[in-house]
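Residues per chain are reported as follows:
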Amino acid sequence: MVGDFFETEVGENQFVLKELLAGLEGVSLRREQEVLVHGNIYTVTVSPTCVRIGNLHDERAPGYELAPEEFRVLIALWHSHCG
């Protein structure tokens, strides 16, 4: 699911990468309690303790949860792969 999220929602779109990083930063600096980012297929919910990736069109599809720092590492890896 995470790989598909990065391929379909992020791709090489720097705006989406910046939006995700801004959400992580806003939550980590406590400017926001939670940040929700909607894409075409997936939604990402960022909270202080968890990042959840879920399918917008299939509520029965299992979501994927990981720690905010793990998500930040994945974003950096994706950016280096596409950049």
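Located above this text is the structure these notes cover.
On a predicted model such as this, the values are computed, not experimentally measured, just so you know.

S.K.: Explain the pairing of strand β3 (residues 51-55) residue by residue, including any values.
M.R.: Pairing analysis gives 5 bridges linking strand β2 (residues 42-46) to β3, with the strands arranged antiparallel. In the strand pairing of β3, Tyr42 is matched with Asn55. Direction of pairing for β3 relative to strand β4 (residues 64-66): antiparallel, over a ladder of 3 bridges. Bridge pairing links Ile53 to Tyr64 in β4.

S.K.: Could you give an account of the packing of helix α1 (residues 2-10) against helix α3 (residues 68-82), with specific residues and numbers?
M.R.: Orientation of α1 relative to α3, taken along the N-to-C sense of each, is 55°, at an axis distance of 12 Å. In terms of axis orientation, α1 runs oblique to α3. Here α1 runs over α3; the crossing is right-handed. For the pair formed by α1 and α3, the contact residues are Val2, Phe5, Phe6, Glu7 and Val10 on the first element and Phe71, Leu74, Ile75 and Trp78 on the second. Its residues assigned to classes, the contact of α1 with α3 comprises 8 nonpolar, no polar and 1 charged.

S.K.: Go over the nonpolar core, please, and point to the residues and values.
M.R.: Phe5, Phe6, Val10, Leu20, Val44 and Phe71 are the most contacted members of the largest nonpolar core, which totals 20 residues. Those elements that provide at least two residues to this core are α1, α2 (14-28), β1 (35-38), β2, β3 and α3. Broken down by element, the residue count for this core peaks at 5 residues, all from α2. Other than its neighbours up to four places away in sequence, Phe6 contacts Gly11, Phe71, Leu74, Ile75 and Trp78.

Here is what the cut-offs are and how they apply
Residues numbered from 1 in each chain as written. Predicted model: local features only at pLDDT ≥ 70, side-chain atom pairs only at ≥ 80, totals over all residues. Heavy atoms only, no water. Pairing = 2+ DSSP bridges. Helix = DSSP H or I, 4+ residues; strand = E, 2+ residues; numbered from the N terminus. Axes fitted to C-alpha atoms, helices over the stretch in contact; angles between N-to-C directions. Parallel < 35°, antiparallel > 145°, perpendicular 65-115°, else oblique. Left-handed = near helix turned anticlockwise from the far one by under 90°. Contact = heavy atoms within 4.5 Å. Nonpolar A, V, L, I, M, F, W, Y, C, P; charged D, E, K, R; others polar. Core = buried A, V, L, I, M, F, W, Y, C linked by side-chain atoms within 4.5 Å. Buried < 20%, exposed > 50% of the residue type's maximum accessible area, 1.4 Å probe, protein only.

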